[in-house]
Every structure is written in C-alpha cells, then in structure tokens.
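Spelled out from the first residue to the last, the chains are:
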Amino acid sequence: MPFVLCPQHGGHGSAGGCRHIAERIATGGHLGELASITVEYNDFKLGPIWFCAECATQHGISAGGLSLKGADGLNLLYGLDWAPICPVCFRAAGGPDRLWTTT
Ligand SMILES: [Zn+2]
Ligand SMILES: [Zn+2]
C-alpha cells in the first residue's frame, strides 16, 4: 500500500486518483463523477484507483468501474496517470468512502 504524507492530516495509507482529482482536492473544487479501476493480481488486490469523468471517458472506464485481472490489468493501471492522494482529504472533498484496499 502506498503511503502519503499530508500537510494537514499526516501520514496515511493512501487513496489513489488521477492528477485532476488531486488538483481539485488541492484547490477545493468539486470532484464530480468518478470511476474506479481495481486490479486483481494473484492473491493481491490493488485499488480502487479513482479517475475523473474526463479520464474515465479517455481511458474507457465505465461509470460502474473497471475490474481487471492479472499482469495485463496491472500494466494498464500503471500506464495511466494517477498518484497517491490523502484519503482524509479525498473523503472531505466528497470522494467515495471506498478507498485503497489490499487484501
Ligand atoms: Zn482525471
Ligand atoms: Zn489530507
């Protein structure tokens, strides 16, 4: 699980989101519609990583979220532009309560 150090909330296991989400959180903007990608790889579950409506359209992520499996899914996710974000800020900005999980 990635770790993020937030100037307001200190260290947390992080949520993940596209850089537009990070920018909106930083500027206090509304997050709008979000879509998520989750990847299962062996016994490991990565995500959900959140994407804004524009990114979702661009990358073909459906509103219900995209659930991927295996190395292909992992490669796809790491090929996208996203970064760890503070889960407390994410939730405060109206983000979903379903954050980064690893099982
Ligand atoms: Zn985006
Ligand atoms: Zn924070």
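See the structure shown above.
Here we summarise the structure given alongside this text. Given the structure is predicted, the values throughout are model-derived calculations rather than measurements.

What counts and what doesn't
- Residues numbered from 1 in each chain as written.
- Chains lettered and ligands numbered in written order.
- Predicted model: local features only at pLDDT ≥ 70, side-chain atom pairs only at ≥ 80, totals over all residues.
- Heavy atoms only, no water.
- Helix = DSSP H or I, 4+ residues; strand = E, 2+ residues; numbered from the N terminus.
- Rg over C-alpha atoms; globule rule 2.2 N^0.38 Å.
- Contact = heavy atoms within 4.5 Å.
- Areas by Shrake-Rupley, 256 points an atom, 1.4 Å probe, with all protein chains shown as cover.
- Lys, Arg positive; Asp, Glu negative; His and termini not counted.
- Charge placed at Lys NZ, Arg CZ, Asp CG, Glu CD.
- Salt bridge = Lys/Arg side-chain N within 4 Å of Asp/Glu carboxyl O.
- Buried < 20%, exposed > 50% of the residue type's maximum accessible area, 1.4 Å probe, protein only.
- Arc of directions from axis to C-beta.
- Donors = N, O, S within 2.8 Å, 3.2 Å for Na, K, Ca; no water.
- Tetrahedral: all angles 85-135°; square planar, octahedral: opposite > 155°, others 65-115°.

**Description of the overall build of the protein chain**
Piece 1. From N to C terminus, the protein chain includes four helices and seven strands.
Piece 2. Reading the secondary structure of the protein chain in the N-to-C direction produces β-β-β-α-β-β-α-β-α-β-α.
Piece 3. In terms of overall size, the protein chain behaves like a compact globule, its C-alpha atoms giving a radius of gyration of 13 Å where 103 residues would be expected to give roughly 13 Å.
Piece 4. For the protein chain, restricting intrachain contacts to residue pairs at least 6 apart in sequence, the fraction spanning at least 24 positions comes to 70%.
Piece 5. For the protein chain, the accessible area works out to roughly 5,700 Å², and carbon and sulfur atoms hold 53% of it.
Piece 6. One way to put it: in the protein chain the 6 positive side-chain charges average out to a point 4 Å from where the 8 negative ones average out.

**Some details on the pattern of salt bridges**
Piece 1. As enumerated under the stated definition, the model contains two salt bridges in all.
Piece 2. The residue D81 makes a salt bridge to R19 at a minimum N-O spacing of 2.4 Å. Remark: R19 occurs in helix α1 (residues 19–27) and D81 occurs in the loop between α3 (70–79) and β7 (82–85); sequence separation between them is 62 residues.
Piece 3. Residue classification places D81 among the partly exposed positions, given a relative accessible area of 43%.
Piece 4. Among the ionic pairs, R24 bridges to E54, the shortest N-O distance being 3.1 Å. Remark: E54 occurs in helix α2 (residues 53–59) and R24 occurs in helix α1; sequence separation between them is 30 residues.
Piece 5. For E54, a relative accessible area of 45% translates into the label partly exposed.

**Some thoughts on α3**
Count 3.6 residues to each turn of an α-helix, and residues three or four apart come out pointing the same way.
Piece 1. Along α3, the positions that sit buried rather than exposed are G73, L74 and L77. For α3, the arc enclosing every buried residue in end-on projection is 100 degrees, short of the 170-degree limit, so these residues lie on one face. Across α3 from its buried face, at more than 90 degrees, point the exposed residues D72, N75 and G79.
Piece 2. Next to the buried residues of α3 lie β4 (34–41), β5 (44–52), β6 (66–69) and β7.

**Thoughts on the coordination of the zinc ion (ligand 1)**
Piece 1. Listed as protein donors to the zinc ion (ligand 1) are C18 (SG), H20 (ND1), C52 (SG) and C55 (SG); their distances from the metal cover 1.9 to 2.3 Å.
Piece 2. Each of the four donor atoms around the zinc ion (ligand 1) contributes to a set of angles spanning 98 to 114 degrees, which defines the coordination as tetrahedral.
Piece 3. Donor residues binding the zinc ion (ligand 1) come from one chain and are separated in sequence as C-x1-H-x31-C-x2-C.
Piece 4. Residue classification places C18 among the buried positions, given a relative accessible area of 0%.

**Thoughts on the side chain of T38**
Piece 1. Looking at the secondary structure, you find T38 in strand β4.
Piece 2. Given the relative accessible area of 12%, T38 is considered buried.
Piece 3. Those residues in contact with T38, other than ones at most four positions away along the chain, are K45, L46, P48, L66, S67 and L68.

**Regarding the coordination of the zinc ion (ligand 2)**
Piece 1. Protein ligation of the zinc ion (ligand 2) involves C6 (SG), H9 (ND1), C86 (SG) and C89 (SG), the donor distances falling in the range 2.0 to 2.3 Å.
Piece 2. The coordination sphere of the zinc ion (ligand 2) comprises four donor atoms, whose angles at the metal cover 104 to 114 degrees; the geometry is tetrahedral.

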